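Structure at a glance
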Amino acid sequence: MKAIRYYDYGAPDVLQYQEIETPTPGDNEVLIKVKSASINPLDWHMMRGRPLFMRLTFGLKKPGQNGLGADVSGVVESVGSGVMRFSPGDEVFGDVFNTGLGSLAEYTKTKEDNLVTKPKNISFDDMAAVPVAAITALQGLRDTGKIKSGQSVLINGASGGVGSFAVQIAKSFGARVTGVCSTRNLELIQSFGADHAIDYTKNDFASQHEKYDLIFDAVGNRSVPDMAKALKPNGRCVIAGFTKMSRLLHHIFRGAWVSKTTNKWVGLMPTAHMEKEDLEFIAKLLATGKVRSVIDRVYPLERAAEAMEYLETGHARGKVVIQIS
């Protein structure tokens, strides 16, 4: 089968489009004929081996796993012993991160519990955009942010992969949502549900009169004092992204101090974890039209390096999808 592999850390040109052996499903595993995949910042951090903790996790000098891509949608090709929920021909989507094989390939495999049935009325491209970004948004808002109906919620980075889902998921919980983005994305975020939009090139949300019950920061580019300033008393700020290691450390330690010494909470959300029930929850939101995937660009598998280069610019509007022929 054709697949994208990398054997050294570096720029997108380390990605190789090559022929490798098709995997065989083991016990409780499902082999998927991949239709579409999508890429996330996690993928280019793994490719670059930056920041340092990525190498501590995946290999100091060379990557210990050679596949990229966690998000997948496709058709069940075959199943291993013990698989009860799926049969060949079923349309599925989910997560293949923990296998090390990646989804940037014609075939991949994963544990049965990492997959759910794809809604018939939603495309493979749209479902491939879902797993990492939508689950991060859902768990950040619901579990860490403790979102409630009627709250005022600010989404920083509202036009990105995670942010675009966060705006819509917050609306589905009954919140009043303000999105922060650049000038060119103001109409976009309002088109998928934001009640208000702030152009960060012209206005600073931390300096405005409006305060928020909940801030979901998908970028991680602002200081803890800025976030605390924009919160109402007893408000919460959930940070899901980061721009550099120094800023991440600032969020961890300064956030802990603010959370301990004031009536506001600022901190990082735990790493998103794939739960079958959460994937099914998101699938229902898409199937009923309450949430939609926002896709910026679609690339063929052989142009995955070009797709990764674009994702690294940080200007993608929604998700970047890889179609597998």
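The following refers to the structure shown. (Residues numbered from 1 in each chain as written. Predicted model: local features only at pLDDT ≥ 70, side-chain atom pairs only at ≥ 80, totals over all residues. Heavy atoms only, no water.)

**Some remarks on the nonpolar core**
This is how the line gets drawn: In these notes, a set of buried Ala, Val, Leu, Ile, Met, Phe, Trp, Tyr and Cys residues joined through side-chain atoms within 4.5 Å is what counts as a nonpolar core. For the exposure calls, accessible area comes from a 1.4 Å probe over protein chains only, and a residue counts as buried if that area is under 20% of its type's maximum, exposed if over 50%, partly exposed in between. Runs of E in the DSSP output that reach at least two residues are strands. Runs of H or I that reach at least four are helices, and both are numbered from the N terminus. Residue contacts are defined here by distance: any two heavy atoms, one from each residue, within 4.5 Å place the two residues in contact.
Core analysis: the biggest nonpolar cluster contains 38 residues, and Val130, Leu141, Val153, Ile155, Phe165, Ile169 and Ile282 have the highest contact counts within it. At the level of elements, helix H4 (131-144), strand S8 (152-156), helix H5 (161-172), strand S9 (176-181), helix H6 (186-191), strand S11 (212-217) and helix H9 (276-287) are the ones that each hand at least two residues to this core. Tallying contributions element by element places H4 first for this core, with six residues. When residues no more than four places from it in sequence are discounted, the contact partners of leucine 141 are Lys146, Ile147, Val153, Ile155, Ala166, Ile169, Ala170, Leu214 and Phe216. Among the nonpolar cores identified, the runner-up in size contains 35 residues, and Tyr6, Ile39, Tyr299 and Ala307 belong to it.

**Description of the sheet that holds S9**
Filter applied, for reference: Criterion used throughout: strands pair if DSSP finds at least two bridges between them. Note on method: axes are straight lines fitted to C-alpha atoms, helices fitted across the in-contact stretch only, with angles between N-to-C directions ranging 0 to 180 degrees.
Strand order in the open sheet formed by six strands is S10-S9-S8-S11-S12-S13, with parallel pairing between adjacent strands. Each edge of the open sheet is held by one strand with a lone partner, namely strand S10 (196-199) and strand S13 (265-268). With direction set aside, neighbouring strand axes in the sheet form an average angle of 15°. Taken together, the four bridges between strand S12 (residues 231-239) and S13 define a ladder with parallel strand orientation. Residue pairing in the sheet places valine 238 in a bridge with glycine 267 of S13. Along the sheet, H4 makes contact with S8, S11, S12 and S13, crossing S11 at roughly 150°. Strands S8, S9 and S11 of the sheet are contacted by H5, whose axis makes an angle of about 170° with S8.

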